[in-house]
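Architecture at a glance
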Amino acid sequence: SGRWSSADEVSARSRCWFAAAREAVGGGHAIVAVVVASSPDGVALFAAATGLSLPVIALGADPRLWRTDPPIPAGTVLLIPPALAHLSAEAVRIGCRPLVLPDDPEDGGDAVTPLRADGIILLSSGSTGAPRAIFRPMQALVDGARARAQGSIKTSHSGLPCVATAASSCATHATAG
């Protein structure tokens, strides 16, 4: 969003957005998608979404990369931070239900316990066709982040932790589909 935010402000956004997401998702969804930007709002949204105990599809701010193979399931709730509200029309075009989160969230709401989701679904670059969904279990992300902080793991070109195998230097755990 280009603005500085205190930890209290990020926490307040996360609590508010968690409540809004929980209400929008309800009990009938098996997955949620989010548009994550590199900003304090991106941190708040990631914390809120991973607190839902659902797998999370993490999308970048370029909607051209949202057309995946296989496609994002129709009717998936797509959480959009207020600074990216203009992306809601593209969310509708791909069959998602956009939820643009409030710009000035009220302080309050339940505490958020991030990283409760089963995992994150990231998208490949699409260099060989449409972007492909790659599932990363949450514990693998946490373990990878811990190892990277300790300097004992390589990262991919995107900065995400890799799992080295004999066949490749950067393999995924499993693919979604």
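Now for a description of the structure that goes with this document. (Residues numbered from 1 in each chain as written. Predicted model: local features only at pLDDT ≥ 70, side-chain atom pairs only at ≥ 80, totals over all residues. Heavy atoms only, no water.)

**Considering the overall build of the protein chain**
Note the threshold: In DSSP terms, a helix is any run of H or I states spanning at least four residues, a strand is any run of E spanning at least two, and both are numbered starting from the N terminus. We call a residue buried when its accessible area falls under 20% of the maximum for its residue type, exposed when it is over 50%, and partly exposed in between, using a 1.4 Å probe and counting protein chains only. Only heavy atoms matter for contacts: two residues are in contact if any of them lie within 4.5 Å across the pair. Method for areas: the Shrake-Rupley scheme with a 1.4 Å probe, in which residue coverage is limited to the protein chains shown.
The helix and strand tally for the protein chain stands at four helices and seven strands. Taken from the N to the C terminus, the helices and strands of the protein chain come in the order α-β-α-β-β-α-β-β-β-α-β. Here the protein chain holds 177 residues, and 40% of them are scored as buried. Sequence-distant contacts, at least 24 apart, represent 61% of the contacts inside the protein chain between residues at least 6 apart. If you sum the accessible surface of the protein chain, you get close to 9,300 Å²; carbon and sulfur atoms cover 55% of it.

**Remarks on helix H2 (residues 40-50)**
For H2, a buried count of eight out of eleven residues is recorded, marking the element as mostly surrounded by other parts of the structure. Asp41, Gly42, Ala44, Leu45, Ala47, Ala48, Ala49 and Thr50 are the residues of H2 that are buried. Those residues of H2 that are buried are in contact with helix H1 (7-25), strand E1 (32-35), strand E2 (56-59), strand E3 (77-80), strand E5 (119-123) and helix H4 (138-149).

**Observations concerning the pairing of E2**
Rules: Two strands pair if DSSP finds at least two bridges between them. The definition of a right-handed crossover adopted here requires that, viewed with the strands pointing away, the path from the first strand over the helix to the second runs clockwise.
The side-chain alternation of E2 yields two buried faces, one formed by Val56 and Ala58 and the other by Ile57 and Leu59. Here E1 runs beside E2; their pairing, made up of four bridges, is parallel. In the sheet register, Ala33 faces E2, and the bridge partner there is Ile57. Chirality of the crossover, the property in question, places the unit of E1, H2 and E2 among those that are right-handed. Bridging between E2 and E5 involves two bridges; their strand directions are parallel. Bridging from a neighbouring strand, Ile57 pairs with Ile121 of E5.

**Topic: the pattern of salt bridges**
Close approach of charged atoms allows side chains with opposite charge to pair. Basically, it comes down to this: Throughout this description, the term salt bridge denotes a Lys or Arg side-chain nitrogen within 4 Å of a carboxyl oxygen of Asp or Glu.
Taken as a whole, this structure holds four salt bridges when the rule is applied. Between Glu90 and Arg93 there is a salt bridge; the shortest N-O distance is 2.8 Å. Residue Glu90 and its partner Arg93 are both found in helix H3 (residues 88-93); the two are separated by three residues, about one turn of the helix. Under the relative-accessibility criterion, Glu90 is labelled buried at 11%.

**Considering the nonpolar core**
Rules: In these notes, a set of buried Ala, Val, Leu, Ile, Met, Phe, Trp, Tyr and Cys residues joined through side-chain atoms within 4.5 Å is what counts as a nonpolar core.
Among the nonpolar cores identified, the biggest contains 25 residues, and Trp17, Val32, Leu52, Val56, Leu79 and Ile120 are the most heavily contacted of them. Put simply, the parts of the chain that give this core at least two residues each are H1, E1, H2, E2, E3, E5 and H4. With six residues, the single largest contributor to this core is H1. Setting aside chain neighbours within four positions, we find Leu52 in contact with Phe18, Ala21, Arg22, Val25 and Val32. Within the second largest apolar cluster, 17 residues are counted, among which are Ile31, Ala33, Ile57 and Ile121.

**Topic: the side chain of Asp41**
Which entries qualify depends on this criterion: Two N or O atoms form a polar contact when they lie within 3.5 Å of each other; inside protein one atom must be a possible hydrogen donor and the other a possible acceptor, and for residues adjacent in sequence the pair counts only when both atoms belong to side chains.
Take Asp41: it is sitting in helix H2. A distance of 3.1 Å separates polar atoms of two side chains, one belonging to Asp41 and the other to Arg13.

**Observations concerning the packing of H1 against H2**
The following threshold applies: Axis angles are defined between N-to-C directions and span 0 to 180 degrees, where every axis is a line fitted to C-alpha atoms and, for a helix, only to the segment in contact. If an angle is under 35 degrees, it is roughly parallel; if it is over 145, roughly antiparallel; if it lies from 65 to 115, roughly perpendicular; otherwise it is oblique. Take the far helix as the reference: if the near one is turned anticlockwise from it by less than a right angle, the crossing is left-handed, and if turned clockwise, right-handed. Residue type decides the class: Asp, Glu, Lys and Arg count as charged, Ala, Val, Leu, Ile, Met, Phe, Trp, Tyr, Cys and Pro as nonpolar, and the leftover types, Gly among them, as polar.
Contact pair H1 / H2: the axes reach a minimum separation of 8 Å and the direction vectors enclose 45 degrees. The angle between the axes of H1 and H2 places the two elements in the oblique class. Crossing angle aside, the handedness with which H1 passes H2 is right-handed. Contacts between H1 and H2 involve Val10, Arg13, Ser14, Trp17 and Phe18 from the former and Pro40, Asp41, Val43, Ala44, Leu45, Ala47 and Ala48 from the latter. Residue composition of the contact of H1 with H2, by class: nine nonpolar, one polar and two charged.

**Brief notes about the environment of Arg15**
Note that Arg15 resides in helix H1. It is 9.5 Å that separates the C-alpha atoms of Arg15 and Thr113, two residues lying 98 residues apart in sequence.

**Notes on the side chain of Thr76**
With respect to the helices, strands and loops of the structure, Thr76 is situated in the loop between E2 and E3. In this structure Thr76 touches Ile31, Val32, Ala33, Gly95, Cys96 and Arg97, once residues within four positions along its chain are discounted.

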